[in-house]
Amino acid sequence: MTFKLKNGLLLLLLGLLVQPVLAQRTMERLGRGLVAVRTSASQVYIGWRMLGTEPENIGFHLYRGATRLTRTPLTQTTNFVDETSENGTYTVRPVLNGVEQAVSAPAPVQSLPYRAVPLQLPPGGETGSGTSVSAYTYTAGDASAGDLDGDGEYEIVLKWDPTNAKDNSQRGFTGNVLLDAYKLDGTRLWRIDLGRNIRAGAHYTQFIVYDLDSDGKAEVACRTADGTVDGQGKVLGDGAADHRNESGYILKGPEFVTIFNGSSGAAMASARFLPQRDPVAGDNPTPEQLKQTWGDNYGNRIDRFLACVAYLDGETPSLVMTRGYYIRAVLTAWDWKAGKLTHRWTFDSDDSTPGNAAYRGQGNHNLSVNDLDGDGRDEIVFGSCAIDDNGKGLYATGRGHGDALHLSDLDPDRPGLELFSVHEEPESYGSYPLDFRDARTGRIIWGAPGPNMDDVGRGIAADIDPRYRGAEAWGSVGGLYSAKGELIPGSKPSQMNFAIWWDADLTRELLDRTTISKWNWTTGRAETLLSPEGVSSNNGTKATPALSADLLGDWREEVVWRASDNRSLRIYTTTIPARNRLPTLMHDPQYRLSIAWQNVAYNQPPHTGFYLGADMPTPTRPKIVLAGNELPPVVTGERKAANRPVAYPNPVNQQELTVEMPTLPGQRLTLNLVSLQGKTLLTRHEMGVGGRQLVQLPLGGLSAGRYLLKIQAGGERTELPILKH
């Protein structure tokens, strides 16, 4: 019996030892995103960010000018309503252990319910030749966000689409696609002209804005070609080349993947775009080769591109560019590190790898990214299939192509993540065009509503009814379904494009065209919360915003629409006081990656990697560290006032850290260095000698990363963030 018990304990210990230790992901270092909006003659709404790395016990004091508005630190929300007619300037200060930390950047009062970002509208023109000349002007299209200059606040990257942009199925010449970068005050940082050898249309240019090398500043990545002009006026490739054929398609000539500097727009590196158009002929296939490889000979299926960012090693981001999904599907991963662009892997449904043929025709007009299998590394959900972090197939369901896809913890009563998707081809989806599946295995949990529903082009999942736990799901066929697959009695929303967290509760609202609505589950009707004039949606009948993301203020989302005259973007933020507090959604890894891919092809709303809805539990803190070398304002590497502990040098790149703190004679001192997951790595007990006392902590063998130094001196407790290089 003793032998069996010992062996049982041994097996248990071995099991614990092989549990994956999830790495910390490097993400953006953000400021407070403070926003102040006048809502009436006597009230101003103020909101700000709580960061994903901040402790649960953090509070905030709010100031108007030099006047503190909060008697005690705010700990339940990160917003405030100031009863005042004064248009002052607001700042916020975090409070830790009763001590105010560094002040935020100031925010003046907005008199309008939105922040206008002035745009520089490009001039129109003509393109083509002979009888195929086409005139065009420009429309402000999809947008993305990133901290391009490292100041802790977001800039906007905007795609300008010519009005003669084409779907891949349509012949014709198009104007050039342009990318602009703007600070939120309207300062234009740069303009990139992708040139005549990149066709305009929803499926051609997928641009990624993300800090790909974790230096604290976002880069911009996209497909380029001969004649692309970077943000500094430099021409890529052969500027005189014109690879367009008589129908306006571009089926010859070199293609590149290019990394642009986010603050200057300069092209920093380019590599041959993979896959090339043909495995034998490279960039210049014959029509016969095109048809054999992609399924048609005129350029419809070959030029269907998607893109995303994924943490394939669990710590740092990689760029993933894709080509094709109707038949052949290829995904290629790239790393941008230390000024070098390197190829990581390629997955190809048609490269004769055993099992890969099952992934043919399984892609969507969109994708999503998260760690599906719990190993800390990201997988790519590519429609009806998923690709593992190592570039190998994870699973293919065989249910074919679709237009909408939603990944999150949609059913919090099940372990892991779930997917809701809609499908196009009855011969592939069989008895149900809507499916709700296990994201890790692809196993169908439930499907609806029945066979022979033709092409189902719309569908969404969001928690809109608190009577049913988890997200509700619905599409253009069938009814409204619970996360368990129950048909909810009554009607379903007609809106099924986007969703947004906007009002005071944790359920999600509906975002469709230029209107935000609340689903009233008792009446079965959507009630309008916001429907401003003078703005327009994008992407035709898809009717999506330029961008929807947690850009400013508290954890709830902003919506960015273009002004109808295309001369500005308008950023609308909620002014409804919240009854809850969460860290910024941009520090949730899945949500942040969702913002990076939101502009891709058929835009989809972002989702969190945890259940965010009615009756949600407190989410676990994200396992992240912040990019760049500069510490957050809560601590600096310099010595502070005599009544506060400090640690230096910080950041530390040596084998020893010095801690200096006030002590009393005979006072018991305990110093614990812990990981961000709470694991104690080092403990030191000292006895106070009085006055400022120095304690040396050895750091030999400690990996680079972020840690917390917890100091207890008598009844006083202090936490200091420590950065180890």
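J.: Looking at this structure, I do not really get the overall build of the protein chain. What am I missing?
T.: When helices and strands are counted, the protein chain shows 4 helices and 51 strands. Compactness check: the protein chain gives a C-alpha radius of gyration of 27 Å against a globular reference of 27 Å for 725 residues, within 12% of the reference. C-alpha extents for the protein chain along the principal axes are approximately 90 × 80 × 60 Å. The 725 residues of the protein chain split such that 59% are buried. For the protein chain, contacts bridging at least 24 residues in sequence account for 59% of all contacts bridging at least 6.

J.: Even after reading the chapter, I still don't get the sheet that holds strand S27 (residues 385–387), so can you show me in this structure?
T.: Through backbone hydrogen bonds, the strands of a sheet pair up, either in parallel or in antiparallel fashion. Taken together, 4 strands build an open sheet; the order of strands is S25-S26-S27-S28 and the sheet is antiparallel. Edge positions in the sheet fall to strand S25 (368–370) and strand S28 (393–396), since each has one partner strand and no second. The sheet shows a mean angle of 20° between the axes of neighbouring strands, taken without regard to direction. In this structure, S25 lies alongside strand S26 (residues 379–381), joined through 3 bridges in antiparallel fashion. Looking at S26, one finds that Ser368 is bridged to Val381.

J.: Hey, could you run me through the state of the cysteines in this one?
T.: As used in these notes, a disulfide is a covalent bond between sulfur atoms, one from each of two cysteines. In total, this model carries 0 disulfides according to the counting rule given. Counting only cysteine sulfurs, Cys385 is the nearest neighbor of Cys308, a cysteine outside any disulfide, at a range of 12 Å.

J.: Sorry if this is basic, but what is going on with the pattern of salt bridges here?
T.: Pairing of side chains with opposite charge becomes possible as their charged atoms draw close. Per the stated rule, a full pass over the model turns up 42 salt bridges. Notably, a salt bridge pairs Asp149 with Lys183, separated by 2.6 Å at the nearest N-O pair. Of this pair, Asp149 sits in the loop between strand S13 (138–146) and strand S14 (155–162) while Lys183 sits in the loop between strand S15 (178–182) and strand S16 (188–193), and the two are 34 residues apart along the sequence. Close ionic contact of Asp389 with Arg377 constitutes a salt bridge, the shortest N to O distance being 3.2 Å. Here Asp389, found in the loop between S27 and S28, pairs with Arg377, found in the loop between S25 and S26; they are 12 residues apart in sequence, far enough to count as distant. Note on Arg377: relative accessible area 31%, which makes it partly exposed. A cluster of three or more residues bridged by salt bridges with shared partners is formed by Arg223, Glu255, Arg277, Asp303 and Arg323.

J.: What is the right way to look at the side chain of Asp389 in this model?
T.: Accessibility expressed as a relative area gives 9% for Asp389, which makes it buried. Non-local contacts of Asp389, meaning those with residues more than four positions away in its chain, are made with Leu312, Trp345, Asp375, Arg377, Asp378 and Glu379.

J.: How should I be thinking about the nonpolar core in this particular structure?
T.: One recurring pattern in soluble globular proteins: nonpolar side chains tend to sit buried together. Counting residues in each nonpolar core, the largest one holds 44 residues, and the members touching the most others are Tyr210, Leu319 and Ile380. Looking at this core, the element that brings in the most residues is strand S21 (residues 305–310), giving 6 residues. Those residues within four positions of Leu319 in sequence are excluded, and the remaining contacts are Ile208, Leu212, Ala221, Val257, Ile259, Cys308, Thr332, Ala333 and Trp334. Ranked by size, the runner-up nonpolar core spans 36 residues in total, among them Leu30, Ala140, Leu184 and Leu585.

J.: It is not clear to me how the pairing of strand S37 (residues 509–512) should be interpreted in this structure. Could you clarify?
T.: As a general feature of sheets, a regular strand has side chains that alternate between the two faces. Of the two faces of S37, the one lined by Glu509 and Leu511 and the one lined by Leu510 and Asp512 are each fully buried. Looking at chain direction, strand S36 (residues 498–500) and S37 are connected through 3 bridges and run antiparallel. Within S37, the position partnered with Ile500 by the bridge is Glu509. Sheet topology places S37 next to strand S38 (residues 515–520); 3 bridges connect them, and they run antiparallel. Each bridged residue has a counterpart across the sheet, and for Asp512 the counterpart in S38 is Thr515.

J.: Can you help me understand the packing of aromatic side chains in this one?
T.: Aromatic ring pairs are defined here through the distance separating the ring centres and the angle between the ring planes. Evaluated as defined, the whole model comprises 12 aromatic pairs. Measuring from ring centre to ring centre gives 5.9 Å for Tyr249 and Tyr298, while their planes differ by 80°; the resulting arrangement is edge-to-face. Here Tyr249, found in the loop between strand S18 (219–225) and strand S19 (255–260), pairs with Tyr298, found in the loop between helix H2 (287–294) and S21; they are 49 residues apart in sequence, far enough to count as distant. Summarising the aromatic geometry, the rings of Tyr325 and Tyr326 are spaced 5.3 Å apart at their centres and angled 65° between planes, so their arrangement reads as edge-to-face. Cluster of aromatic residues (ring-pair linked, three or more members): Phe420, Phe436, Trp446 and Tyr481. Residue placement shows Arg508 over the ring face of Trp501; its charged tip is 3.7 Å from the ring centre.

J.: Looking at this structure, I do not really get H2. What am I missing?
T.: Along an α-helix, residues three or four apart share an orientation, since each turn contains 3.6 residues. Turning to H2, its buried residues are Leu290, Thr293 and Trp294. Considered in projection along H2, the buried side chains sweep an arc of 75° and stay on one side of the axis. Facing away from the buried side of H2, by more than 90 degrees, are the exposed residues Glu288, Lys291 and Gln292. The inward-facing, buried residues of H2 contact strand S22 (318–323) and strand S23 (330–337). Gly295 occupies a position one or two residues after H2 and carries a positive phi of about 105°.

J.: What is the right way to read helix H4 (residues 589–597) from this model?
T.: Of all 9 residues in H4, 9 are buried, a share of seventy percent or more. Looking only at H4, the buried set comprises Pro589, Gln590, Tyr591, Arg592, Leu593, Ser594, Ile595, Ala596 and Trp597.

J.: What's the story with the environment of Ala526 in this structure? I'm lost.
T.: Tracing the chain through its elements places Ala526 in strand S39 (residues 525–530). Take Ala526: its relative accessible area is 30%, and that puts it in the partly exposed class. Those residues within four positions of Ala526 in sequence are excluded, and the remaining contacts are Gln495, Leu510, Ser517, Lys518 and Trp519.

J.: What is the right way to look at unusual backbone geometry in this model?
T.: Both trends apply: most residues other than glycine have a negative phi, and most peptide bonds are in trans. Omega for the peptide link from Leu274 to Pro275 comes to 5°, which places this bond in the cis form. In the segment running from Ala448 into Pro449, the intervening peptide bond is cis, with an omega of -10°. Counting through the fold element by element, Pro449 comes out in the loop between strand S32 (444–448) and strand S33 (459–462). Even without glycine at this site, Ser214 takes up a positive phi of about 60°. In this model, Ala338 sits at a positive phi of 55°, which is unusual for a non-glycine residue. Residue position: Ala338 is located in the loop between S23 and strand S24 (340–348).

J.: Would you explain the sheet that holds strand S29 (residues 404–408) in this entry?
T.: Read from one edge of the open sheet, 4 strands run S29-S30-S31-S32, paired in antiparallel fashion. Strand pairing shows two members of the sheet lacking a second neighbour, S29 and S32, which therefore form its edges. Averaged over all pairs of adjacent strands, the angle between their axes in this sheet comes to 15°, without regard to strand direction. Across 4 bridges, the pairing between strand S31 (residues 434–438) and S32 is antiparallel. Looking at S32, one finds that Leu434 is bridged to Ala448.

J.: Honestly, the pairing of S29 in this entry has me stumped. Any pointers?
T.: Most of S29 is tucked away: 5 of the 5 residues are buried. As paired strands, S29 and strand S30 (residues 418–422) are joined by 5 bridges and run antiparallel to one another. Bridging from a neighbouring strand, Ser408 pairs with Glu418 of S30.

J.: In this structure, what is going on with the environment of Arg414? I would like to understand it.
T.: Mapped onto the elements, Arg414 comes out in the loop between S29 and S30. According to the relative accessible area criterion, Arg414 is buried, its value standing at 18%. On a C-alpha basis, the gap between Arg414 and Arg562 in space is 39 Å, while along the polypeptide they are 148 residues apart. Apart from residues no more than four positions distant in its own chain, Arg414 is found in contact with Asp409, Asp438, Arg443 and Ile445. Looking at Arg414, its side chain comes within polar contact range of the side chain of Glu418, at 2.9 Å.

Reading the values: the criteria
Residues numbered from 1 in each chain as written. Predicted model: local features only at pLDDT ≥ 70, side-chain atom pairs only at ≥ 80, totals over all residues. Heavy atoms only, no water. Helix = DSSP H or I, 4+ residues; strand = E, 2+ residues; numbered from the N terminus. Rg over C-alpha atoms; globule rule 2.2 N^0.38 Å. Buried < 20%, exposed > 50% of the residue type's maximum accessible area, 1.4 Å probe, protein only. Contact = heavy atoms within 4.5 Å. Pairing = 2+ DSSP bridges. Axes fitted to C-alpha atoms, helices over the stretch in contact; angles between N-to-C directions. Disulfide = S-S within 2.5 Å. Salt bridge = Lys/Arg side-chain N within 4 Å of Asp/Glu carboxyl O. Core = buried A, V, L, I, M, F, W, Y, C linked by side-chain atoms within 4.5 Å. Phe/Tyr/Trp six-rings, centres within 6.5 Å; stacked < 30°, edge-to-face > 60°. Lys NZ or Arg CZ within 6 Å of the ring centre and 35° of its normal. Arc of directions from axis to C-beta. Polar contact = N/O pair within 3.5 Å; in protein donor to acceptor, adjacent residues only side chain to side chain.

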